[in-house]
Amino acid sequence: MPTKPGIALALWDQGGALARALDLDAFAAALAKLSGVAGLWRPADLEGGLEELAQAFREGRADRLLMLGRATPAQRDLIWRRLSATGLNPHLVHWLDLQEESALPPGFPSEPRRKKALLITKMHLADLRLARPLMPVAVPAEPTALVVGGGVAGLGAALALAKAGVEVHLAERTSALGGKVALLSGFYPLGCDPACGLSFTLEALRATGKARLHTLSELAEISGGPGAFRAVLRRRPGHVDPERCDGCGACAEACPVQLPDLAEWWQDEPPLNAQAFALAGAPAKAIGPTGNPALGTSYRVLRERCPEGCDACVAACPAGAVRLDEDESRLEVGAGAVILATGWDPYPLSRLTEYGYPRSRRVVGNLEMEGLLSERGLPSLAGLLGAEGKPPALGFVQCAGSRDLAHLPYCSGVCCSATLKQARRLKQLWPELTVYIFYQDMRTPGFEEDLYRDVAAMEGVVFVRGLPAGVREQDQDGRLALRCEDAYAGRELKLSLDLLVLAGGMTPSPGAAELGGLLGLPAGPHGFFPAHLQCHPEESGRSGVFAAGCAREPMNVARSLESAARAALAALPFMQGEAWLAPHLPQLDQGKCDQCKRCVEECPFGSWSLDERGFPRLDLARCRQCGICMGSCPLTAISLPNRTVNQTAKAVEVLGEGTAFAGKEPVILAFLCRHDALIAARAAAAAGLALPPGVVLWPLNCAGSLNNALVADALSLGVDGVFIGGCAEDQCHFREGSRLAGRRSRDLGDKLAQMRLEPERVRFAHLGIGDAGRFAELVGEYAAALRALGPNPFRM
Amino acid sequence: MSAPDRALHFGPPPPAQACRQCGRCASVCPRSRPPELSPRRVVRLVQLGLRDEAARHPFLHSCRFCGKCLVKCPHGVEVARLVKRLVFEQFLGPPG
């Protein structure tokens, strides 16, 4: 007569820890008698035993497996290979290393040890009994990417994706591609022209035929989720058709408008380089390019500067590219993933009032210095340096507005090398020039040290350990007077300089905050997009949205390109036609839900929204499957498959019935995050550290996935204390889980008071993965505190 | 002694450890005459744990407590307050 398939129990004691700790025969006999168990396999040799075990699955006597004891990784592989061949679902197999689970506390007599081991086995059986076979879930993933920002990081990411066969829409706010890098006169350390690398990238990007470059375009709206974003790009009118314009310049020649300087071209941008370009004396018309011609055409019209009725440019354009009546347009695009490469802006140096920027034309920012060092700017620079009869001298102020609590508290990491690069170029152009570099620390990591060494060895480059606190213009010749103390000499220097360069830092570009709001990204440090720096630096906090380049944090060009490639690689799975998701997607029982929206609010990834009836609806691809919603739900209406509240409740019930195993010792149920705290606890048990004999470990996907109902359950069933272990507060893999778990366990006080229980019966702790010793200490202390409290009045 | 001065004398001393010796205080100080007379030297002595030497430093006689150093410090070190506290320690003895 066919019976219902049961759970196969297998015992494999690699290393003999079990046999040393308890009477294995008696234990095996007790296991075999457990209900719902299809049989106990205790093979003498693994190969033979496995065959027998596989037979049970093939014949349908067993449909799930609890593997007890310890196996080497190679043995585990072998076991799994054999059993998966029988069609066994991986989600129906549990591995239970009884020693690691602190089932065999040293110093505990053999008999209660066996009871504890049996009890823990029964808890896991209760959990496994309710497990279901799970399969990965496929969601549609459109093979299109949206890259926001056309600087070096955006272009790099776009190229990587286009080469991988993905269609790319790239939206750039200005009319020119290349971003800030296009404004540089040279890269460090080689000093090569950035236009070379950028045009190479653009060429390659165009050659793929996969990229559409939208200039003057911003992200206006976005909906949908990973795999299926719908974005609306808003294009401001540039009045020149980029498809037709070839940048011949006939329009600018014909334009009758003469602007006082080029500053107006950057009116919708920060006053970037305006001064340098004005110094360079380029003709400013109402129509003209905004970017480097080597990177393609970037012509646009300043329409508000056009005289009424004038259409000289239209008539002059041989390509018929000018569209004076053009309006704002909108374009809807689909995308599987979004890459944010919004870049950086220079810190507004006008806030450093003591240096007289931009009042004095002899004080410039480091990005403006790049403009002055370009071919177009050199004549202006020469004019500034050539004071009559005086030896030319120039100074750089490092950390201008950086590493300063009143300005930018962080280090931008590129200004030191940028200054060294500029100093080297200046000395090549004007060997007689004296260059002073005022610094507090020079930061040239890695091979950038070579640049530092080269520049330091140059005659006439003086490094002054000390920052000037201000500067004033001398009356006679407009040169700058500056006072500064050098730390090493203990001397005050009084200097007269032709030009002062402020090495200012990087801030996130102003569009970034708006974009962050649009995408619902969590606010990051200093307005950059936050990252899980060690594990997932490209991580934006929202699935399917990745940060690259200086949108993430200040970085140099080489690192920007690396980060772009990394972001592209991380985005790729969302653009492969279909994306495969792990099967632990939370499920909502609508019958239980009272639409309180707690899950919507507490999900750190914004995965839940409300459907038209007011019920929470999950965006499958956004979800990180942490279970924080499961922990948040006051009605336990949400559960992760195979990690359900019900499964844990059954296990807790088993524990409640078996509290007698510990004798007079307090029974502690330790709910532990499996990323850090559980690993620490298992290491403590495996190393034989003195853990209280009554402690029982239970894994959580994240501390935040623990529902308070389970804690109350455990206490009402007679468990003496519940210990909850989460990661360090700022290190949670799911951002908020550990913080939420801490808060929720504190909020339990009222509930416990209702139950006439002491609040000390719940304890929360942050534990790192290496905190085995600390775990032993903490539960030891906790057990002592619980002993002092006396047994749980609900204990049977 | 004014109330803020009393608080400065009896309270915890202003910390000096955040100083990176950037020298802005010395550059802005109207009374700085390096190498002997410089606020940066005083802060450095405190950082090195040579508090007695700092409290005997001749700069303590020069300082007029204008507070420019305190405003300019990028790392939040209250240089002028620290100097004043050292003056108290020199003339009034250690607090308490």
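Here, the structure is the one placed above.
## Here we look at the packing of aromatic side chains
Residue and element names in this part refer to chain A.
Then comes step 1: Counted by the stated rule, this structure contains seven aromatic pairs over all chains.
Then comes step 2: For the pair tyrosine 452 and phenylalanine 463, a centre-to-centre distance of 5.3 Å together with 55° between the ring planes defines the contact as tilted. Here tyrosine 452, found in helix 14 (residues 448–456), pairs with phenylalanine 463, found in strand 19 (residues 461–465); they are 11 residues apart in sequence, far enough to count as distant.
Then comes step 3: With a centroid separation of 6.2 Å and an interplanar angle of 45°, the aromatic rings of phenylalanine 546 and phenylalanine 574 are classed as tilted. Taken together, the positions of phenylalanine 546 in strand 25 (residues 545–547) and phenylalanine 574 in the loop between helix 16 (557–571) and strand 26 (577–581) put the pair 28 residues apart, joining distant regions of the chain.

## Remarks on unusual backbone geometry
The phi angle of most residues is negative, glycine excepted, and most peptide bonds adopt the trans form.
Then comes step 1: Here tyrosine 188 of chain A and proline 189 of chain A are connected by a cis peptide whose omega angle stands at 0°.
Then comes step 2: Turning to its location among the elements, proline 189 of chain A is positioned in the loop between strand 7 (167–171) and helix 7 (194–208).
Then comes step 3: Looking along the chain, the bond that leaves proline 34 of chain B and enters proline 35 of chain B is cis, with omega of 5°.
Then comes step 4: Along the chain, the position of proline 35 of chain B falls in the loop between helix 2 (24–28) and helix 3 (39–47).
Then comes step 5: The phi dihedral of leucine 216 of chain A is positive, around 55°, even though this residue is not glycine.
Then comes step 6: With respect to the element layout, leucine 216 of chain A can be found in the loop between strand 8 (211–214) and strand 9 (217–225).
Then comes step 7: At histidine 526 of chain A, a residue that is not glycine, the phi angle is positive and equals roughly 60°.

## Let's talk about helix 2 (residues 24–32) of chain A
All names here are of chain A.
Then comes step 1: Every buried residue of helix 2 is accounted for by Leu24, Phe27, Ala28, Ala30 and Leu31. Down the axis of helix 2, the smallest arc covering the buried residues is 160°, so these residues share one side.
Then comes step 2: As for helix 2, its buried residues are in contact with strand 1 (6–13), helix 1 (17–21), strand 2 (37–41), strand 3 (62–70) and helix 5 (110–129).
Then comes step 3: The backbone nitrogen of aspartate 25 lies 3.2 Å from a side-chain oxygen of the residue at the head of helix 2, namely aspartate 23.

## Quick notes on a positive patch on the surface
Then comes step 1: Together, Arg472 and Lys494 of chain A together with Arg31, Arg33 and Arg64 of chain B make up a positively charged patch on the protein surface.
Then comes step 2: Tracing the sequence through the fold places arginine 64 of chain B in the loop between helix 5 (59–62) and helix 6 (68–72).

## So, the pattern of salt bridges
Residue and element names in this part refer to chain A.
Then comes step 1: Applying the stated rule across the entire model yields 42 salt bridges over all chains.
Then comes step 2: Arginine 403 is the salt-bridge partner of aspartate 441, the closest N and O atoms lying 2.8 Å from each other. You can see aspartate 441 sitting in the loop between strand 18 (434–439) and helix 14 and its partner arginine 403 sitting in the loop between strand 17 (393–400) and helix 13 (415–429), a full 38 residues away along the chain.
Then comes step 3: Residue class for arginine 403 comes out buried when judged on its relative accessible area of 6%.
Then comes step 4: As a salt-bridge pair, glutamate 538 and arginine 566 come within 2.7 Å of each other at their nearest N and O atoms. Residue glutamate 538 is found in the loop between helix 15 (511–519) and strand 25, and its partner arginine 566 is found in helix 16; the two are separated by 28 residues along the sequence.
Then comes step 5: Residue class for glutamate 538 comes out buried when judged on its relative accessible area of 8%.
Then comes step 6: What emerges from the salt-bridge pattern is a single network uniting Glu142, Arg230 and Glu332.

## With respect to the interface of chain B and chain A
Then comes step 1: Facing 21 residues of chain B, the contacting portion of chain A comprises 21 residues.
Then comes step 2: Summing both partners gives a buried area of about 1700 Å² for chain B against chain A, and 39% of it is carried by carbon and sulfur.
Then comes step 3: At the junction of chain B and chain A, the tally comes to three salt bridges.
Then comes step 4: For arginine 40 of chain B, the salt bridge identified is with glutamate 485 of chain A, shortest N-O distance 2.9 Å.
Then comes step 5: Run the count over chain B and chain A and you get 12 residue pairs in polar contact (both at pLDDT 80 or more).
Then comes step 6: With four residues, the top contributor of residues to the side of chain B that touches chain A is helix 2 of chain B.
Then comes step 7: Of the residues contributing to the side of chain B that touches chain A, the split by class is nine nonpolar, seven polar and five charged.

## Here we look at the pairing of strand 9 of chain A
Residue and element names in this part refer to chain A.
Then comes step 1: Pairing analysis gives eight bridges linking strand 9 to strand 10 (residues 228–235), with the strands arranged antiparallel. Note on strand 10: the bridge partner recorded for serine 217 is arginine 235.
Then comes step 2: The turn linking strand 9 back onto strand 10 is made up of two residues, and glycine 227 within it adopts a positive phi angle of 90°.

## Description of the sheet that holds strand 21 (residues 480–486) of chain A
Strand-to-strand pairing in sheets goes through backbone hydrogen bonds, with the strands running parallel or antiparallel.
Residues and elements named next belong to chain A.
Then comes step 1: With respect to topology, three strands assemble into an open sheet ordered 20-21-22, the strand pairing being antiparallel. Edge positions in the sheet fall to strand 20 (471–473) and strand 22 (491–497), since each has one partner strand and no second. Along the sheet, successive strands turn relative to each other by an average axial angle of 25°, direction set aside.
Then comes step 2: As paired elements, strand 21 and strand 22 share seven bridges and run antiparallel to each other. Paired with arginine 483 across the strands is lysine 494, a residue of strand 22.

## Details of the pairing of strand 6 (residues 144–148) of chain A
Residues and elements named next belong to chain A.
Then comes step 1: Taken across its five residues, strand 6 has five buried, putting it largely inside the fold.
Then comes step 2: On strand 6, burial covers both faces: Thr144, Leu146 and Val148 on one face and Ala145 and Val147 on the other are all buried.
Then comes step 3: Where strand 6 lies against strand 7, five bridges are found, and the strand directions are parallel. By the bridge assignment for strand 7, leucine 146 is matched with histidine 169.
Then comes step 4: For the segment spanning strand 6, helix 6 (residues 152–163) and strand 7, crossover handedness is right-handed.
Then comes step 5: Relative to strand 14 (residues 337–340), strand 6 is paired through four bridges, and the arrangement is parallel. In the strand pairing of strand 14, leucine 146 is matched with valine 338.

Thresholds applied
- Residues numbered from 1 in each chain as written.
- Chains lettered and ligands numbered in written order.
- Predicted model: local features only at pLDDT ≥ 70, side-chain atom pairs only at ≥ 80, totals over all residues.
- Heavy atoms only, no water.
- Phe/Tyr/Trp six-rings, centres within 6.5 Å; stacked < 30°, edge-to-face > 60°.
- Helix = DSSP H or I, 4+ residues; strand = E, 2+ residues; numbered from the N terminus.
- Buried < 20%, exposed > 50% of the residue type's maximum accessible area, 1.4 Å probe, protein only.
- Arc of directions from axis to C-beta.
- Contact = heavy atoms within 4.5 Å.
- Polar contact = N/O pair within 3.5 Å; in protein donor to acceptor, adjacent residues only side chain to side chain.
- Patch = residues over 30% accessible without salt bridge, like charges linked within 9 Å, V, L, I, M, F, W, Y side chains within 5 Å.
- Areas by Shrake-Rupley, 256 points an atom, 1.4 Å probe, with all protein chains shown as cover.
- Salt bridge = Lys/Arg side-chain N within 4 Å of Asp/Glu carboxyl O.
- Lys, Arg positive; Asp, Glu negative; His and termini not counted.
- Charge placed at Lys NZ, Arg CZ, Asp CG, Glu CD.
- Buried area = accessible area lost by both parts, 1.4 Å probe.
- Nonpolar A, V, L, I, M, F, W, Y, C, P; charged D, E, K, R; others polar.
- Pairing = 2+ DSSP bridges.
- Axes fitted to C-alpha atoms, helices over the stretch in contact; angles between N-to-C directions.
- Right-handed = clockwise from strand over helix to strand, strands pointing away.

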